[in-house]
Amino acid sequence: MTPPFSSSWSSRSLAPPVAASNSRVRVSSGGDSSSSLGSRPIWWRRQRRQGDAMRGSWFQYRSHRDAAFAALLVMLLPVFFPTFFSPLGGASPSLFSEWNTPKPRHQSLLKGAFQQGTEDGQKSELWSPLAPQGWKPCIKSASPTELPENPTGYVQVFLDGGLNQQRMGICDAVAVAKILNATLVIPHLEVNPVWQDTSSFEEIYDVDHFINVLKDDVSIVRELPNEYSWSTREYYAVAIRATRIKTAPVHASANWYLENVLPILQSYGIAAIAPFSHRLAFDGLPGHIQQLRCKVNFQALTFVPHINALGETLVKRLRYPIQMHSNDLLQEVVEENVNEESGKFVVLHLRFDKDMAAHSACDFGGGKAERLALAKYRQVIWQGRVLNSQFTDEELRSKGRCPLTPEEIGLLLAALGFDSKTRLYLASHKVYGGESRISTLRKLFPLMEDKKSLASEEELGKVEGKASLLAAVDYYVSMHSNVFISASPGNMHNAVLGHRTYENLKTTRPNMALLGQLFLNKSMEWSEFRQAVQAGHKGRQGEIRLRKPKQSIYTYPAPDCMCQR
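Everything quoted here is computed from the prediction, not taken from an experiment.

### Quick look at the overall build of the protein chain
Here is step 1: The secondary structure content of the protein chain amounts to 25 helices and 15 strands.
Here is step 2: Every one of the 565 residues in the protein chain was classed for burial, and the buried ones make up 47%.
Here is step 3: Long-range contacts, defined here as pairs at least 24 residues apart, represent 78% of the contacts in the protein chain between residues at least 6 apart.
Here is step 4: Of the roughly 28900 Å² of accessible surface on the protein chain, a fraction of 53% belongs to carbon and sulfur atoms.

### Let's talk about the side chain of Arg317
Here is step 1: Along the chain, Arg317 falls in helix 15 (residues 305-319).
Here is step 2: Using a relative accessible area of 13% as the deciding quantity, one classes Arg317 as buried.
Here is step 3: There is a polar contact of 2.8 Å between the side chain of Arg317 and the backbone oxygen of Leu454.

### Here we look at the pattern of salt bridges
Here is step 1: Here the structure, examined in full by the defined rule, presents 15 salt bridges.
Here is step 2: As a salt-bridge pair, Arg293 and Asp172 come within 2.8 Å of each other at their nearest N and O atoms. Of this pair, Arg293 sits in helix 14 (residues 287-300) while Asp172 sits in helix 8 (residues 163-180), and the two are 121 residues apart along the sequence.
Here is step 3: For Asp172, a relative accessible area of 3% translates into the label buried.
Here is step 4: A salt bridge links Asp474 to Lys451; the nearest nitrogen and oxygen atoms lie 2.9 Å apart. Of this pair, Asp474 sits in helix 22 (residues 467-479) while Lys451 sits in helix 21 (residues 451-454), and the two are 23 residues apart along the sequence.

### Some words on the state of the cysteines
Here is step 1: Taken as a whole, this structure holds three disulfides when the rule is applied.
Here is step 2: A disulfide bridge connects Cys138 with Cys563, and the sulfur atoms are separated by 2.4 Å. Judged by the sign of its S-S torsion, about 95°, the cystine formed by Cys138 and Cys563 is right-handed. Of this pair, Cys138 sits in the loop between strand 1 (135-137) and strand 2 (154-159) while Cys563 sits in strand 15 (residues 562-564); the two residues are 425 residues apart in sequence, bridging distant segments of the chain.
Here is step 3: Disulfide pairing places Cys362 opposite Cys402 at an S-S distance of 2.0 Å. Given an S-S torsion of about -95°, the disulfide between Cys362 and Cys402 has left-handed geometry. Pair noted here: Cys362 is in the loop between helix 16 (354-360) and helix 17 (367-382) and Cys402 is in the loop between helix 18 (393-398) and helix 19 (406-416), with a separation of 40 residues, a long-range link. Of the two residues, Cys362 and Cys402, both sit in the buried class.
Here is step 4: The connectivity of the disulfides in the protein chain is 1-6, 2-5, 3-4, where the numbers refer to bonded cysteines in sequence order.
Here is step 5: Not part of a disulfide, Cys171 finds its nearest cysteine sulfur in Cys294, a span of 8.7 Å.

### Some remarks on helix 23 (residues 491-503)
Here is step 1: Compared with an ideal rise of 1.5 Å per residue, which puts 13 residues at 18 Å, helix 23 spans 18 Å between its outermost C-alpha atoms and is within 8% of the ideal.
Here is step 2: For helix 23, the buried fraction is high: 10 of the 13 residues fall into the buried class.
Here is step 3: Listing the buried residues of helix 23 in full gives Met492, His493, Ala495, Val496, Leu497, Gly498, His499, Arg500, Thr501 and Tyr502.
Here is step 4: In the segment just after helix 23, Asn504 is the residue with positive phi, at about 60°.

### Digging into the environment of Asp172
Here is step 1: Put simply, Asp172 and Leu280 are 108 residues apart on the chain and 6.3 Å apart in space, counted from C-alpha to C-alpha.
Here is step 2: Beyond its immediate chain neighbours, meaning those up to four positions away, Asp172 contacts Phe276, Leu280, Arg293 and Tyr554.

### Focus on the pairing of strand 11 (residues 424-427)
Here is step 1: Burial along strand 11 is two-sided: the residues Leu424 and Leu426 and Tyr425 and Ala427 are all buried.
Here is step 2: Inspection of the sheet shows strand 10 (residues 346-349) paired to strand 11 by four bridges, in the parallel sense. Within strand 11, the residue paired with Val346 across the bridge is Leu424.
Here is step 3: Judged from the two bridges that link them, strand 11 and strand 12 (residues 448-449) form a sheet pairing that is parallel. Bridge pairing links Tyr425 to Glu449 in strand 12.
Here is step 4: Between the parallel pair strand 11 and strand 12, the chain is carried across by helix 20 (residues 439-444), and the sense of this crossover is right-handed.

### Here's the deal with the sheet that holds strand 11
Here is step 1: Across the sheet, which stays open at both edges, the five strands sit in the order 12-11-10-13-14 with parallel pairing between neighbours. Two strands in the sheet have a free side with no partner beyond their single neighbour: strand 12 and strand 14 (507-508).
Here is step 2: Contacting strand 10, strand 11, strand 13 (483-486) and strand 14, helix 19 crosses the sheet at an angle of about 145° to strand 13.
Here is step 3: In this fold helix 23 packs onto strand 10, strand 13 and strand 14, with an angle of close to 155° to the strand it touches most, strand 13.

### Comments concerning the packing of aromatic side chains
Here is step 1: According to the stated counting rule, one finds 17 aromatic pairs in the structure shown.
Here is step 2: Judged by centre distance (5.5 Å) and plane angle (75°), the rings of Trp127 and Phe418 are edge-to-face. Remark: Phe418 occurs in the loop between helix 19 and strand 11 and Trp127 occurs in helix 7 (residues 120-127); sequence separation between them is 291 residues. You'll find Trp127 and Phe418 in the same group, each marked buried.
Here is step 3: Ring plane angle 90° and centroid distance 5.1 Å describe the contact between Phe352 and Phe364, whose orientation is recorded as edge-to-face. Highlighted residues: Phe352 in the loop between strand 10 and helix 16 and Phe364 in the loop between helix 16 and helix 17, separated in sequence by 12 residues. Just as Phe352 is buried, Phe364 falls in that class too.
Here is step 4: Each member of the aromatic cluster is reached from another via a ring pair, and the members are Tyr154, Phe158, Tyr228, Trp230, Tyr235 and Tyr236.
Here is step 5: Over the aromatic face of Tyr235 sits the side chain of Arg241, whose NZ or CZ is 3.9 Å from the ring centroid.
Here is step 6: The ring of Phe391 carries the charged tip of Lys399 above its face, separated from the ring centre by 4.7 Å.

### Overview of the side chain of Glu190
Here is step 1: By the element assignment, Glu190 lies in the loop between strand 4 (188-189) and helix 9 (201-204).
Here is step 2: Residue classification places Glu190 among the buried residues on the basis of a relative accessible area of 17%.
Here is step 3: Side-chain polar atoms of Glu190 contact the side chain of Arg233, separated by 2.5 Å.
Here is step 4: What Glu190 contacts, discounting residues up to four positions off in sequence, is Phe158, Leu159, Asp160, Gln166, Asp197 and Arg233.

### As for the nonpolar core
Here is step 1: Grouped together as the largest cluster of nonpolar side chains are 85 residues, with contacts concentrated most on Phe210 and Tyr257.
Here is step 2: For this core, the leading source of residues is helix 8, giving 11 residues.
Here is step 3: If we ignore the near neighbours within four places in the chain, the residues touching Tyr257 are Val176, Leu180, Ala248, Ala252, Leu262, Ile273, Phe276, Arg279 and Leu280.
Here is step 4: Listed in part, the 48 residues of the second largest apolar core include Leu412, Leu424, Met448 and Met524.

What counts as what
Residues numbered from 1 in each chain as written. Predicted model: local features only at pLDDT ≥ 70, side-chain atom pairs only at ≥ 80, totals over all residues. Heavy atoms only, no water. Helix = DSSP H or I, 4+ residues; strand = E, 2+ residues; numbered from the N terminus. Buried < 20%, exposed > 50% of the residue type's maximum accessible area, 1.4 Å probe, protein only. Contact = heavy atoms within 4.5 Å. Areas by Shrake-Rupley, 256 points an atom, 1.4 Å probe, with all protein chains shown as cover. Polar contact = N/O pair within 3.5 Å; in protein donor to acceptor, adjacent residues only side chain to side chain. Salt bridge = Lys/Arg side-chain N within 4 Å of Asp/Glu carboxyl O. Disulfide = S-S within 2.5 Å. Expected span 1.5 Å × (residues − 1). Pairing = 2+ DSSP bridges. Right-handed = clockwise from strand over helix to strand, strands pointing away. Axes fitted to C-alpha atoms, helices over the stretch in contact; angles between N-to-C directions. Phe/Tyr/Trp six-rings, centres within 6.5 Å; stacked < 30°, edge-to-face > 60°. Lys NZ or Arg CZ within 6 Å of the ring centre and 35° of its normal. Core = buried A, V, L, I, M, F, W, Y, C linked by side-chain atoms within 4.5 Å.

Pasting the structure below:
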């Protein structure tokens, strides 16, 4: 293969510069260059020309080499000195796209949002709790019969995903153990491949409470007895094992488990199911199994005390402002002017991390560099197998398939009537683009807080660097807010939406298709945008929606987990 620079050198620079050649001729002879060279032997002239050519090539090579080294140094500076170039992404495909955060894309709407006022009547409606809707939590005894004296064996499950995907898997695992009349081993939580979180079940949930609440429904043990101690994740990772079930289909029926897993239990006394996420159907199950899933989700799964304590601390500081004093202690401050918003706050789950941005295949205003970087990231993580990548940005947005950017979710909140006096809690692990990406949202809502702004380093010590524990704190705060809203659907959105529906708490569900179309209209005025947003979000504030076939019981708990008053 031809070297990168060889073709350009052969066409331009193999011969030495003319000026340098003439200068050397004058020094040697003081006369005409052609007559001087002509007096030399032919072999001497050939050697002279070859030497000049080699010297020219050497200078060219050094010039290109030095330029290449300089360019490489500039590219590596952000890697070796990230503090001088933040915010930067953790992976090289997003290096430049996160570095060069785009300017706001909806300047006209932002101008209107900054200038708007909110009437007192509208503020009262924003913060008023949901009226009773004729439904109440209703979880009956999940066991039509007593627990079997001799269970069929032990069931192990290995759960991947983040906190909320694993939460749903835990509920399903209890239900499967009940279907099989088996003893459930406390589920094993896999290391999250994105956040590299090694948090175990015991570090997140109160195990004693979990076992005690379910003691009349399912037999649960913390760990296997010694005779089965060989059944570990490492054991199943190195070879095909007869006790591992790896073919469980997504949304499998109860009969599938009775036909495929029960024989393994009867033969070996143990069955390990991996993968297990989303491996139990939402339809066609006995009523007592559905009720058991509800009981696990809403009663048995409670966080460990230190997570609840930290969450409660954050809730109190959101309801009552805090300020830093000279001794660096956080102290509560009583509000001087009590108004409709006093003691109230909104939780915003800003689902806008790098994975979400790349997987959506949408355009977020970062230009060609960002589009190429996200496309490369998609190729690395998903080998390009992303359904949305076959559609244009306009097609995706018009169908509501693009996550809302921090700027866009800020405009939505402003159009709904929230203003600069609204306390906003940002529930998010890491925002794609860093602080500069959310700067517009912070200008709209200067009272926006998060875990780090509300708690000290010492208070965050037990959860810092552990994505699942941080998400658990966010979940706790979300369940105690006056209003919850998510920038786009996902496991956190679905889990909190279902739990708040169960508790009859106000939860705003963004109309993604409507918002996508509105943001595509660059000529829309603020008053028209605001009117369209408010009209399009009537009936989307937490009103009961009965679960339809194939929909998740964890997102739509009625009627399986609730009954009419």
